[in-house]
Amino acid sequence: MRPDYGFHLCLRNGLYTSASVRWYVGLATKITFTRKGINTEMNMKTRKTSWQFALICLLIVGLLSACAGGNNAGNGAGNGDKGAQQETAGSESSASNAVEPEAAVYAENGLPKDEKVTLKFAFWENGGGREWIDHAIQTFTAKFPNVSFDVTYSPTIETIIATKIAANNDQDMYDIFSTSIAGEGIHQSLAEAKKIEPQDDLWDRKAYDSDKTLRELQSGVYEGSGRVEGIMYSLPTTQSITGLFYDKNRFEEKGWNQNPRTWSEFVALVDEIKAAGLTPITYPGKYPAYLNFSFGLAQQYSLAEANGKLDDFNDTYRNYKHPYFTREETKQLYQNIYELGKKGAFPKGVAALTHTQSQMQLLQGQAAMASTGEWVQNEMKESTPDGFKWGFMLVPMTENPDDVKYHMSYTQGGHYIWSAKPELNKQWAKEFLVWLWNLDVQSLVAEKAGSLPVRNDFMNSPELVDKLQDAPKAIMEYMKNNKVKGASSSRDIVVTDINADRANTIVAEMLNDVALGRLDPSATLQEADDLLKKAIESAQK
């Protein structure tokens, strides 16, 4: 509370005239009101007579009595018909019955109730729709009626935001805006220029509907959140997870292992499927990066943690350090793919397959598993046969069944906050981002948008689980029954030298041949590391 709060409250309520205020100021050299009482300092150089001091004291008592009564003072009788005639002994009773002024801030976040704020919000209206975000805005403004939103919805919001950024008009810019922005390297540039607010502090905020912090409630998105030089600028609100998807009914009918926990168990599953006349794993060879959805960076993280080298590997990957392609984790991953390729685990004509064709192989019973993401259910809903039930698993890389398994987490729904906005706007913007973690909002995200919730307690509610589509539900069940963490492909620095691109390109181009068992990956990985070394040396000059 401001020190002179009581005095100004009385002025606001019209309890004193301007003349009396001037008289008060002239008599008292300094009168400071605090929550605990009154601190009066008299200027000793200007000696006041005893009657003046007495009048000051009477004025102070009047101020406190009037403020304690609040707006009721205008009724003339205070807290009863005899209020003006009561002696000192009776005044204590009146004070105890006085109504304290309502707190001027919200207990949940300490922000002011009486300052109106309008947040300009740019929302990407994509296939997930807008019902969930409209619900979030409606419930947030009902809870905090001094906050309102001015929302721009658009399927091409990335272009609109990029135009606003280019205009460099802080007043016209959005307070909150989608991370979907047109422009190469725009995210890194915004962070380096300090145009967007860091949001790491939100992990330690308690959810509005829980006693736990977001860090405690998160379901792997903390590890999977994108960062720039180690700083997170957009708190995720939804996520996509990738791995191997299959038909649970077929697996149950065949008695196949739906949760292999070691590499040996997974290889045994592949052998069983192969013996039954099906292709064990399919992926679109026209876009070989789809294989990385189940055999990629996440599995390298699994190997690194199992080997006790997690921090070292994370530093190497995030900060473009050498060696990378010839690290133990990278070589082991591609050797495992090569081993499966020699067993015929992947389609013979994989190089010609599109993502739709590979997923049709799964739906038509030609392949047992497909490397893709949970979006596959929505993407293939028109082609999914009756009786097909989505299942999910991650590929274990080690022989210890208790080792942590990593998945690729593509965090979504995150929003930036423009750093040049007023401090109060930025505070309310952060509160809204925390609000998006409420279970009622997360439930709508899952039900209407088909995305995965970010909270690990979502599966504790049967009512909420029933609203999940089968593919996301299968992922959540797997995560509940296994030690799982998320991994993000984002890097903390950018290396622009062409040799870095060439290194990644030759590894991607070899993938189909490795998956068909025709190419040992060792020589190509060494070549890629040599190119990466040149790129890093060039960047350091």
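Scroll up a little and you will see the structure.
On a predicted model such as this, the values are computed, not experimentally measured, just so you know. (Residues numbered from 1 in each chain as written. Predicted model: local features only at pLDDT ≥ 70, side-chain atom pairs only at ≥ 80, totals over all residues. Heavy atoms only, no water.)

K.L.:
How would you sum up the packing of helix α21 (residues 498-515) against helix α22 (residues 522-540)? Please name residues and give values.
P.N.:
Interaxial distance between α21 and α22 falls to 7 Å at its minimum, and their mutual angle equals 165°. Of the possible angle classes, the one that applies to α21 and α22 is roughly antiparallel. The interaxial crossing formed by α21 with α22 has left-handed handedness. Contacts from N499, A500, R502, A503, I506, V507 and M510 of α21 reach α22 at T524, L525, E527, A528, L531, L532, K534 and A535. (Axes fitted to C-alpha atoms, helices over the stretch in contact; angles between N-to-C directions. Helix = DSSP H or I, 4+ residues; strand = E, 2+ residues; numbered from the N terminus. Parallel < 35°, antiparallel > 145°, perpendicular 65-115°, else oblique. Left-handed = near helix turned anticlockwise from the far one by under 90°. Contact = heavy atoms within 4.5 Å.)

K.L.:
So, helix α6 (residues 157-167): which residues are in play, and what are the values?
P.N.:
Restricting attention to buried positions, one finds in α6 the residues I157, I161, K164 and I165. Angular distribution of buried residues about the axis of α6 spans 100°; they occupy a single face of the element. What points out from α6, more than 90 degrees from its buried face, is the exposed set T163, A166 and A167. Taken from the residues just after α6, N168 is the one with a positive phi, measuring 55°. (Buried < 20%, exposed > 50% of the residue type's maximum accessible area, 1.4 Å probe, protein only. Arc of directions from axis to C-beta.)

K.L.:
Give me helix α12 (residues 297-306): which residues, what numbers.
P.N.:
Most of α12 is tucked away: eight of the ten residues are buried. Listing the buried residues of α12 in full gives L297, A298, Q299, Q300, Y301, S302, L303 and A304. Residues of α12 that are buried sit in contact with α13 (310-318), α14 (328-342), β10 (405-412) and β12 (484-487). A positive phi of about 75° marks G308, the residue just after α12.

K.L.:
Now, about the nonpolar core: what can you tell me, with residues and values included?
P.N.:
Counting 85 residues, the largest nonpolar core has F266, F295, I337, L340 and M369 as the members making the most contacts within it. When neighbours within four sequence positions are excluded, F266 is seen to be in contact with L244, P260, I281, F295, L340, M369, M393, V395 and P396. (Core = buried A, V, L, I, M, F, W, Y, C linked by side-chain atoms within 4.5 Å.)

K.L.:
Describe the packing of helix α5 (residues 131-143) against helix α17 (residues 423-435), with residues and values.
P.N.:
Put simply, α5 and α17 touch, their axes get as near as 10 Å, and they point 120° apart. Considering their axes alone, α5 and α17 lie oblique with respect to each other. With respect to the hand of their crossing, α5 and α17 are arranged in right-handed fashion. From α5, I133, A136, I137, T139, F140 and K143 reach across to α17, where they touch W428, E431, F432 and W435.

K.L.:
I'd like to hear about the packing of aromatic side chains, residue by residue, with values.
P.N.:
Under the counting rule described, the total for this entry stands at 39 aromatic pairs. On the basis of an interplanar angle of 75° and a centroid distance of 6.3 Å, the ring pair of F295 and F346 is categorised as edge-to-face. Within this pair, whereas F295 is found in the loop between β7 (279-282) and α12, its partner F346 is found in the loop between α14 and α15 (355-363), the two being separated by 51 residues in sequence. You can call F295 buried: its relative accessible area is 0%. Here the aromatic cluster, defined as three or more aromatic residues joined through ring pairs, consists of Y106, F121, F123, W132, F140, F144, F149, Y153, Y208, W428, F432 and W435. Taking the ring centre of Y174 as reference, the NZ or CZ of K164 above it sits at 5.2 Å. Of note, R227 hangs over the ring of Y222, and the distance from its end group to the ring centre comes to 4.9 Å. (Phe/Tyr/Trp six-rings, centres within 6.5 Å; stacked < 30°, edge-to-face > 60°. Lys NZ or Arg CZ within 6 Å of the ring centre and 35° of its normal.)

K.L.:
Please provide a residue-by-residue account of the side chain of S451, values included.
P.N.:
In this fold, S451 is placed in the loop between α18 (439-449) and α19 (462-465). Given a relative accessible area of 11%, S451 falls into the buried group.

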